[in-house]
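# Descriptive analysis of the structure
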Amino acid sequence: MNPYATPIMTFSLILGTTITISSNHWILAWTGLEINTLAIIPLIAKSHHPRAVEAATKYFLTQAAASALVLFSSMTNAWATGQWDITQMNHPTSCLLLTAAIAIKLGLVPFHFWFPEVLQGSPLMTALLLSTLMKFPPLTLLLLTSKSLNPALLTTMALASTALGGWMGLNQTQTRKILAFSSISHLGWIAIILVYSPKLALLTFYLYAIMTSAVFMALNKIKALNLTMILTSWTKTPVLNATLMLMLLSLAGLPPLTGFMPKWFIIQELTKQEMTPAAMAIAMLSLLSLFFYLRLAYHSTITLPPNSSNHMKQWYTSKTPSTPTAVLASLSILLLPLSPMMHAIV
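Residues numbered from 1 in each chain as written. Predicted model: local features only at pLDDT ≥ 70, side-chain atom pairs only at ≥ 80, totals over all residues. Heavy atoms only, no water.

### Regarding the domain arrangement of the protein
- The domain boundaries assigned to the protein delineate domain 1 (1–122) and domain 2 (150–345).
- A separation of 24 Å is found between the C-alpha centroids of domain 1 and domain 2.
- Facing the 16 residues of domain 1 at the interface are 18 residues of domain 2.
- Between domain 1 and domain 2 the total buried area reaches about 1,400 Å² when both faces are included, carbon and sulfur atoms providing 74% of it.
- A per-residue breakdown of the area domain 1 buries against domain 2 is headed by L108, V109 and Q120, which together make up 39% of the total.
- For the pair domain 1 and domain 2, the number of links is 1 salt bridge.
- Its salt-bridge partner being E117, residue K177 comes within 3.4 Å of it at the nearest N-O pair.
- Where domain 1 packs against domain 2, one counts 5 residue pairs in polar contact (both at pLDDT 80 or more).
- Looking at the side of domain 1 that touches domain 2, the elements that each hand over two or more residues are α4 (92–106) and α5 (114–121).
- Element by element, the count of residues in the side of domain 1 that touches domain 2 is highest for α5, at 5 residues.
- Considering only residue class, the side of domain 1 that touches domain 2 consists of 10 nonpolar, 5 polar and 1 charged. (Domains from an automatic or database assignment. Contact = heavy atoms within 4.5 Å. Buried area = accessible area lost by both parts, 1.4 Å probe. Salt bridge = Lys/Arg side-chain N within 4 Å of Asp/Glu carboxyl O. Polar contact = N/O pair within 3.5 Å; in protein donor to acceptor, adjacent residues only side chain to side chain. Helix = DSSP H or I, 4+ residues; strand = E, 2+ residues; numbered from the N terminus. Nonpolar A, V, L, I, M, F, W, Y, C, P; charged D, E, K, R; others polar.)

Next comes the structure, spelled out in C-alpha cells:
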C-alpha cells in the first residue's frame, strides 16, 4: 500500500466521525457515515489475502444497506413531519427503520452476522478501529434520537445481543472472533440503558472502547491471533501477559476493575426504572461471556505450554509495551475508585 494511503484513510475516518457526531441534519450525518465506510474498506483489504477481500466486501454490502435504510428513514420522517433535524424523528415507521439501520451498522442481534466475519478477516489494528471508532457515529445517532425510540424493541435486542454474544463466543479459538462476540455482548448493555439514561450509555461505550483498545494493542504486540499463540507468548512477554489477564477480567466486568463500573450503574438504573427482571436477565446472561474471558485469561497467564510445543518457535525479543498501550491498560484496570465522580456526572 502507498505510504500516503494510511494517513489519508486515518484523516478520512476522523473527518467522517466528526461530521456525523456534530451534525443536526440527516444528510450531513449520512455523508459522514459514508466517508467512514469508504475510508475503512482499504484498511480491511490491504493485505490482499482472500479472507481480507471477502471481509471488505461483506463490510461494504452491509454498511451500504444500512446507509440506504438511514437515508430512507430520514426521508420518510421528513415527508411526514417536514423536519430534517436529527432530534425531530417523530414518525413511528421512521423510528423503526432507523433502529434497524443503526443495529445493522453496530452489529446488534439479529443483524450481527457480518461482524465476527469482518473482524476475523481484518488486521488486529483495523479490527480495533471497527470495534471502537466505527461504532461511535451510529451510536451518536441513536443517542440523539433516543427519546423517540421504542424501549421494548431496544430491550429485546439488547438481551438477545448479550445472550448470543456470550453463547457464540464459548467455542471460539480465534482472538478476533472472541473480541467480536465480546463487542456484541457489550452493545447489549449499551442498548438496554440507551432510552433511560443516554449519558450512562455513552459512559459505558467510552469505558468499553478503552478496555477493548488496550486488549487489541496487547494482542497486536504479542502477535496473538489465536489461543495457542497466547499460550506460547508467556515466556516472551510475562508482564504484558499478566496485564492482559487483568484487562480481560476487566472486560468481563469483575470487581475491583474498571469494567465493573458501567455494569453496576446500568443494573442500578434499570432497577430504578422498575425493570428488575431485565436487570436480572442481563446480569445472568453476562456470565456466558465471563466464561470465555476466563478462558482467555487462563491461556494468557495461568497455564504454561509443554516444552514439546508444536507451535512455530519465535525468537525471544524484549518487547516493551508502547506508551499508549501502558496508559490504556492502566485506565482499563484502575478506574473503579472514580465511580462516585462518574455517577455524579451521569
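### Re helix α13 (residues 260–272)
- With 13 residues, α13 should reach 18 Å at 1.5 Å per residue; the first-to-last C-alpha distance of 19 Å fits that figure.
- Those residues of α13 not exposed but buried are M261, P262, K263, F265, I266, E269 and L270.
- Turning to α13, the residues buried within the fold contact α9 (175–193), α10 (198–222), α12 (238–252), α14 (276–302) and α16 (339–345).
- Looking one or two places after α13, you find E274, whose phi comes out positive at around 60°. (Expected span 1.5 Å × (residues − 1). Buried < 20%, exposed > 50% of the residue type's maximum accessible area, 1.4 Å probe, protein only.)

### Notes on the packing of aromatic side chains
- Evaluation of the coordinates by the stated rule reveals 9 aromatic pairs.
- Plain terms: the ring middles of W264 and F265 are 5.5 Å apart, the flat faces sit at 35° to each other, and that makes the pair tilted.
- Owing to a relative accessible area of 40%, W264 belongs among the partly exposed residues under this scheme.
- Through a chain of ring-to-ring contacts, three or more aromatic side chains come together here, namely F136, F205, Y206 and Y208.
- Looking at K135, its charged tip hangs above the ring of F115, at a distance of 3.9 Å from the centre. (Phe/Tyr/Trp six-rings, centres within 6.5 Å; stacked < 30°, edge-to-face > 60°. Lys NZ or Arg CZ within 6 Å of the ring centre and 35° of its normal.)

### Thoughts on the packing of α13 against α14
- The N-to-C vectors of α13 and α14 enclose an angle of 155°; their axes lie 7 Å apart at closest approach. Classified by the angle between their axes, α13 and α14 sit roughly antiparallel to one another. Judged by the twist between their axes, the crossing of α13 over α14 is left-handed. On the side of α13, the interface is formed by K263, I267, L270 and T271, while α14 contributes T276, A279, A283 and S286. (Axes fitted to C-alpha atoms, helices over the stretch in contact; angles between N-to-C directions. Parallel < 35°, antiparallel > 145°, perpendicular 65-115°, else oblique. Left-handed = near helix turned anticlockwise from the far one by under 90°.)

### Regarding the side chain of S183
- The residue S183 is located in helix α9 in this model.
- Judged by its relative accessible area of 0%, S183 is buried.
- Separated by 2.9 Å, the side chains of S183 and Y208 make a polar contact.
- Ignoring sequence-local partners within four residues, the contact set of S183 consists of F115, S131, K135 and Y208.

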